[in-house]
Amino acid sequence: HMGVKAEEDENHVIADRVYIGDVSVAGMKEEEATAAVEDYIESLQDTAITLKAGENSIEVTAKDLGVTWGNPELAEKAVNLGRTGNPIARYKEKKDLEKGDKVFVLSYAIDESKTAALLKEHAKELDQEAQDNGLTRENGQFTFVKGHEGIKVNAEKSIEQIASHMQNQWDGKAASIELSAKLVEPRGSEEELAEVKDLLGGYSTNFSSSSAGRAKNVRNGASKINGSIIYPGEEFSVHDAVVPFNAENGYELAGYYENGTTVETYGGGICQVSTTLYNAVIRAELEITERFAHSMIVSYVEPSMDAAISGEYKDLKFKNSTKYPVYIEGYTDGGIIHFNVYGKETRDANREVEFVSETTSTIEPTGIQMYANPEQNVGYLNQTQSPHTGYTAELWKNVYVDGVLVETTQVNSSTYQAVGTIYDVGVASSSSALTQAMYSAIATNDLSQVQAVIASASAYTNPATETP
């Protein structure tokens, strides 16, 4: 009996006046109806769907969301219309078809992982960074600056919203869907920032002997850190605040220590900025989380009072370990760079701190290094690196209460390389014998031999001719 039933079904076609969505499936078999609806959905793939988050929106297509048929069981339902259920129900279905069309509501599904990837890819366009409230400081006074709220899309909830819209509301035409997003409040209320008025620590160093390029870098670095607000528990990275080191970001070429030699690089001098800030921050007694000594000693602070910035591996970082926001003021005045850390003073008025540098060993520079320079002629002899004494040193913090020393703690320890004099020596010449002699002299690493070759250079290039 069952076999006969199935055979009959294969010849069944859908009754007249039956639609799945906008697709007429009258007279079709089940798989034909399925193909017809799938072709229709294929034709909708380029339809624009606008996804909105607050004032921001992106336009994507149905294809980007991976839209497919959400209720494919309708094809079978359409075939069975007027053929299944009890006789009364079947009779009613057939009668209804005489009076009007039967439209099965088409629903759509999305590919959730595809939609998630899409939201991630466009997060920058949809989310809006909150602009924190801030402070400006002019003529010794702070002024409150209002920020604005941000918007952050909740991807998980948004995917549910898109899925529900496509399933229950989408009609295949251009549509706009509001995503689930939350407002992000700007940090720093007016009350909170009003607490910032006390000088917690300040320091200045002198850069008046710098080259013009280095001086510009010091001024530029100070201006990039000036005005920074650090909230309680937040960490500040000097590297992140001042990069990138290039001309577009206001830097020039200047001398810079690298592995025990001085090289010209964009941003040379930035270490005087971080060093000056370091000294202000330790006086404000904020928590230093990262600090490195220079490879060689610097002249503008005592040993162990410096803080180098170099590549990705040397940075100055510190945390606002107070319960109130802190404001960093950085500026230059003539050849002096100043940093001040403002916040709410919670330390006792009768308590004072001082910092003392202690040199624990000294290593005198010995020997010289000479490098052949094929771009320069024999006779060129240039000292590119002055000798640097090496040191090991420690920084100590003394705490006084009512002028009495109550506590001494070590802040850091530092090692500075000893570096001998370095010379750049020209080796180019029209005489290969002279060039060879110079290379041999450089190999001895003896300056007097190099000077001797330079002195006798004319003998190689103007050989005395015999008189006929």
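See above for the structure.
Residues numbered from 1 in each chain as written. Predicted model: local features only at pLDDT ≥ 70, side-chain atom pairs only at ≥ 80, totals over all residues. Heavy atoms only, no water.

Engineer: Honestly, helix α4 (residues 87-99) in this entry has me stumped. Any pointers?
Structural biologist: Three- or four-residue spacings in an α-helix give side chains the same orientation, since the helix completes a turn every 3.6 residues. In this model, α4 (13 residues) spans 19 Å end to end at C-alpha, consistent with the 18 Å of a helix rising 1.5 Å per residue. Within α4, only one of the 13 residues are buried, leaving the element largely exposed. Of the residues that open α4, the one with a side-chain oxygen 3.1 Å from the backbone nitrogen of Ile88 is Asn86. (Helix = DSSP H or I, 4+ residues; strand = E, 2+ residues; numbered from the N terminus. Expected span 1.5 Å × (residues − 1). Buried < 20%, exposed > 50% of the residue type's maximum accessible area, 1.4 Å probe, protein only. Polar contact = N/O pair within 3.5 Å; in protein donor to acceptor, adjacent residues only side chain to side chain.)

Engineer: In this structure, what is going on with the packing of aromatic side chains? I would like to understand it.
Structural biologist: In this description, a pair of aromatic rings is defined by centroid distance and the angle of the planes. Evaluated as defined, the whole model comprises five aromatic pairs. Between Phe142 and Tyr342, the aromatic rings sit 5.4 Å apart at their centres with planes inclined by 85 degrees, giving edge-to-face as the arrangement. Of this pair, Phe142 sits in strand β9 (residues 141-145) while Tyr342 sits in strand β21 (residues 336-343), placing them 200 residues apart in sequence. Classification of Phe142 by relative accessible area gives partly exposed; the value is 21%. Each member of the aromatic cluster is reached from another via a ring pair, and the members are Phe142, Tyr327 and Tyr342. Cation over ring: Lys102 sits above Phe104, and NZ or CZ is 5.0 Å from the ring centre. A cation over a ring is seen here: Arg137 above Phe142, with NZ or CZ 4.7 Å from the ring centre. (Phe/Tyr/Trp six-rings, centres within 6.5 Å; stacked < 30°, edge-to-face > 60°. Lys NZ or Arg CZ within 6 Å of the ring centre and 35° of its normal.)

Engineer: Sorry if this is basic, but what is going on with the nonpolar core here?
Structural biologist: Most often, soluble globular proteins keep nonpolar side chains buried together rather than apart. With 43 residues, the main nonpolar core has Ile49, Leu51, Tyr108, Met166 and Trp170 as its most contacted residues. Considering every element that reaches this core, the biggest residue donor is helix α2 (residues 30-43), with five residues. With residues up to four places along the chain from it excluded, the contact list for Tyr108 reads Tyr40, Ile41, Leu44, Val67, Thr68, Gly70, Met166, Gln167 and Trp170. Core analysis: the second largest hydrophobic core is formed by 37 residues, Leu200, Phe207, Val242 and Ile282 among them. (Core = buried A, V, L, I, M, F, W, Y, C linked by side-chain atoms within 4.5 Å. Contact = heavy atoms within 4.5 Å.)

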